[in-house]
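# Observations on chain architecture
The residues making up each chain are set out below.
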Amino acid sequence: MRLFVESVGLLGPGLTGWTSSRQVLTGAVPYAPAEVVLAAPEALPQAERRRTGKPVRLALFAGMEALAASSRQPEALATVFTSSAPDGQVIHEICTTLAGTDRQVSPTRFHNSVHNAPAGYWSIALRSQAASTSLCCFDSSFAAGLLEAGAQCLMQKEAVLLVSYDVPYPEPLLSARPTVGVLGAALLLSVEASPAAFASIDLRLQTDVPTSSRMQDAGLEALRAGNPTGRGLPLLQTLAEPSNALVVIEYLNGTALCVEVRPC
Amino acid sequence: MTPLAVTSLTLTSSLGTGLRPHVDALLNLRSGLTPCNFETAQLDTWVGQIPDEQLAPVRGRLASFDCRNNRLAQLGLTGDGFGEAVAGARARYGARRIGVILGTSTSGILQTEIAYRFRDPATGALPSDFNYAGTQNTFSLGAFVQAQLGLEGPASVVSTACSSSAKAFGAGARMIAAGLCDAAIVGGVDSLCLTTLYGFSSLELLSREPCRPFDAERSGISIGEGAGFALLEPASANNPKGAIQLLGVGESSDGYHMSSPHPEGAGARLAMERALTAAGLAPGDIDYINLHGTGTRSNDSAEEKAVFSVFGGSTPCSSTKGMTGHLLGAAGIAEAIICALALDEQFMPGSANTRALDPGLRIRYLRDTVRQPPLHVVSNSFGFGGSNCTLVLGRTQ
């Protein structure tokens, strides 16, 4: 399936926004990882803003950056959120409470524990009634999200915003599920070559592909290999300076998601 | 959308394993709800629980997936010849050409809740046999069902709280339309856990008696557990007369609040309108609506307004949660299957435990099951985060 990329959002260690990260991704500027600052989303009403955890802030930052760089109507834009996990801090706190003697779970924690919390806060922030889904496919969540966003674009013939985000669990779950970095990425996709489109991507599943695309920089490669959203970094690298290129993203059961990129 | 044939179905809940006990329960308004005696929970509420002894451990090559949610998935896959139907589809299309799109809200979180009771006192570490990927992770359900059915096509798990497995129909249909697969297993599994029991308790949404959807005295939900699966294939001229089809899916967001529905049901109304548009049907074409109808004061009232604004007051509708309980992430598939049973067995289910209807109701709410054949039916599912999904199903003439 063929889609067009209109804008991108990115937030991660040493990757503060798409605009400033493009040169880092292409290697023109050296990669310098730094702690990610996650501000409370301004677009949310004050009461909601205080209640947001890291995944919500991360997803909203990446999504909002892509949205701001486009001319799409925010409240009409369909969204696909994808992540390998719900808010790990919230899950840790709930499981700690439930293992104790007083099992009173905080109502806010409970509603923040759902996998679709970022989608919920996003729609509240934008007063959006557009279609939205939230997916999980473990380490393949980025590819699964891209496939769903692409399929939705084609079927509904409308633009779709994909937001992929992953935040590591706190201990003790981190040891059981080791991931690295706080990373969020967003792609605004459309079905036609609108004036805003700067690249086309052709998606197909293939079984006989030997290796996934990797990042040349060791730090970025560690992020690609260690964070499920990181698996999208080679695609973002190609989009940072679009050229005719094939990006191979590991998917499921020995299948790869092949993404053919062409500038437009 | 292009209609898809629903060629095989199976449902497991506290009402039983397989379609037959569900038809019997729906015809007789038999409830599967019992006083909560789940695990170590100490809550004054009722649940739709599947007896522990029916949930056999996951063993052998898939033992790393062993947890209550995947045990329930394993049991669910044994019903109604579903495994055989999938094997047939695998022979027709190939293992890589069948997608698996399932919904769950809490997956195997119970395993983590239990592991947290056994943390190392010195280091805080979880027990060494705790397997995150196979149990707690949201996708473990998808990976387990794929492996159990011998499928290797595209897969993902939709987790949008209580609309999850309804939205799986949308994602499955899109995957087929985009050519990523030729057929898709859609559905969902959610199992009892302390997170949802104590979580809904903290929101004061758990009923102390079996839930009473749309009753004047309704006081909250009864949580249930269940597993349901459907095989979607392109509709063909070979489908038998009276075959069940997925005709439309409508999705929307409330953009209002994380855990309360929009008071006027604005997002719910949009989901219904979009589903009808996708199906190419008018409100008057719909013969029965299976409501989300959780039994909370605010959900039922918002849904009533939304349904009345789209359909007016003459379309028969009911909530079946008084029988199954609220299956959360599996509610969408359970109620889609209940709709398919209504189409197939020619009835419209009533509402167990609903005694005196809310006097404010303007919709035509069925307290008793009626033996009348519907042709087109609608199923509503709404979840936390303001996530709404409506399905339209029909019977071919």
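## Re the overall build of chain B
Per the secondary structure count, chain B includes 11 helices and 15 strands. Taken along the three principal axes of its C-alpha coordinates, chain B extends 65 × 50 × 40 Å. Once local pairs closer than 6 in sequence are excluded, the contacts in chain B between residues at least 24 apart make up 80%.

## A word on the environment of Ala-73 of chain B
Residue and element names in this part refer to chain B. Considering the arrangement of structural elements, one finds Ala-73 in helix H2 (residues 68-76). Considered as a pair, Ala-73 and Val-145 are 72 residues apart in the sequence and their alpha carbons are 7.3 Å apart. In this structure Ala-73 touches Leu-141, Phe-144, Val-145, Val-189 and Ala-227, once residues within four positions along its chain are discounted.

## A few points about the interface of chain B and chain A
Reports often express the size of an interface as the amount of accessible area lost when the parts come together. Residue-level contacts link 54 residues of chain B with 54 residues of chain A. Broken down by secondary-structure element, the contributors of at least two residues to the side of chain B that touches chain A are helix H4 (109-115), strand E6 (155-158), helix H6 (164-177), helix H7 (194-202), strand E10 (244-253) and helix H8 (266-279) of chain B. Note: strand E4 (residues 132-136) of chain A against E6 of chain B, two bridges, orientation antiparallel. By the bridge assignment, Cys-136 of chain A is partnered in E6 of chain B with Val-157 of chain B.

## What about the nonpolar core?
Inside soluble globular proteins, nonpolar side chains tend to come together where they are buried. Formed by 221 residues in total, the largest nonpolar core has its most connected members in Ala-62 and Leu-189 of chain A together with Leu-232 and Leu-393 of chain B. With 11 residues, helix H11 (residues 331-345) of chain B is the single largest residue contributor to this core. Excluding residues that lie within four positions of it along the chain, Leu-232 of chain B makes contacts with Leu-4, Val-6, Gly-172, Ala-173, Ile-176, Ala-183, Ala-184, Val-186 and Leu-246 of chain B.

## A word on unusual backbone geometry
Residue Pro-172 of chain A follows Glu-171 of chain A across a cis peptide bond; omega there is 5 degrees. One can find Pro-172 of chain A in the loop between strand E5 (160-166) and helix H8 (173-176). In this structure, Glu-204 of chain B is a non-glycine residue whose phi angle is positive, near 55 degrees. Checked against the element boundaries, Glu-204 of chain B lands in the loop between H7 and strand E8 (223-224). Look at Glu-204 of chain B and you get exposed, because 10 C-beta atoms sit within 10 Å.

## A word on the packing of H6 of chain B against H11 of chain B
Residues and elements named next belong to chain B. In the contact formed by H6 and H11, the axes pass within 4 Å of each other and the chain directions differ by 75 degrees. For the element pair H6 / H11, the angle class is roughly perpendicular. Contacts from Ser-164, Ser-165, Ala-166, Lys-167 and Phe-169 in H6 reach Ala-331, Gly-332, Ile-333 and Ala-336 in H11. Broken down by class, the residue content of the contact of H6 with H11 amounts to five nonpolar, three polar and one charged.

## So, the pairing of E10 of chain B
Residue and element names in this part refer to chain B. Taken across its 10 residues, E10 has 10 buried, putting it largely inside the fold. By the bridge criterion, two bridges tie strand E1 (residues 4-13) to E10 in an arrangement that is antiparallel. Bridge pairing in E10 places Leu-4 opposite Leu-246. In the sheet, E10 pairs with strand E15 (residues 387-395) via nine bridges, with the strands oriented antiparallel. Residue Gly-250 lies in a different strand from E15, and its bridge partner there is Thr-390.

## Concerning helix H3 (residues 82-93) of chain B
Residue and element names in this part refer to chain B. Taking 1.5 Å as the rise per residue, H3 with 12 residues should run 16 Å; its terminal C-alpha atoms sit 16 Å apart, in good agreement. Residues Phe-82, Val-86 and Ala-89 constitute the buried set of H3. On an axial view of H3, the arc spanned by its buried residues comes to 60 degrees, and they lie on one face. Opposite its buried face, H3 presents the exposed residues Glu-84 and Ala-91, each directed more than 90 degrees away. Tucked inside the fold, the buried residues of H3 contact E1, strand E5 (98-103), helix H5 (140-149), strand E7 (183-190) and strand E9 (226-234). Gly-94 sits one or two positions beyond H3 and adopts a positive phi of about 100 degrees.

## A short note on the sheet that holds strand E4 (residues 46-48) of chain B
Residue and element names in this part refer to chain B. One open sheet holds the three strands; their spatial order is E3-E4-E8, and the pairing between them is mixed. Either end of the sheet is taken by a strand with one partner, and the two such strands are strand E3 (34-35) and E8. Sheet topology note: the E4/E8 ladder contains two bridges and is parallel. Considered in E8, the bridge of Val-47 is made with Ile-223.

## Considering the packing of H8 of chain B against helix H9 (residues 297-311) of chain B
Residues and elements named next belong to chain B. Contact geometry of H8 with H9 gives a least axis separation of 8 Å together with a crossing angle of 40 degrees. Between H8 and H9, the crossing angle belongs to the class labelled oblique. For the pair H8 and H9, the sense of crossing is right-handed. Taken together, the residues of H9 that come into contact with H8 (itself represented by Ala-268, Arg-269, Met-272 and Glu-273) are Ala-302, Glu-303, Ala-306, Ser-309 and Val-310. Per-class residue counts for the contact of H8 with H9 are five nonpolar, one polar and three charged.

Cut-offs applied
- Residues numbered from 1 in each chain as written.
- Chains lettered and ligands numbered in written order.
- Predicted model: local features only at pLDDT ≥ 70, side-chain atom pairs only at ≥ 80, totals over all residues.
- Helix = DSSP H or I, 4+ residues; strand = E, 2+ residues; numbered from the N terminus.
- Contact = placed C-beta atoms within 7 Å.
- Pairing = 2+ DSSP bridges.
- Core = buried A, V, L, I, M, F, W, Y, C linked by C-beta atoms within 7 Å.
- Buried ≥ 20, exposed ≤ 12 C-beta atoms within 10 Å, placed from the backbone.
- Axes fitted to C-alpha atoms, helices over the stretch in contact; angles between N-to-C directions.
- Parallel < 35°, antiparallel > 145°, perpendicular 65-115°, else oblique.
- Nonpolar A, V, L, I, M, F, W, Y, C, P; charged D, E, K, R; others polar.
- Expected span 1.5 Å × (residues − 1).
- Arc of directions from axis to C-beta.
- Left-handed = near helix turned anticlockwise from the far one by under 90°.

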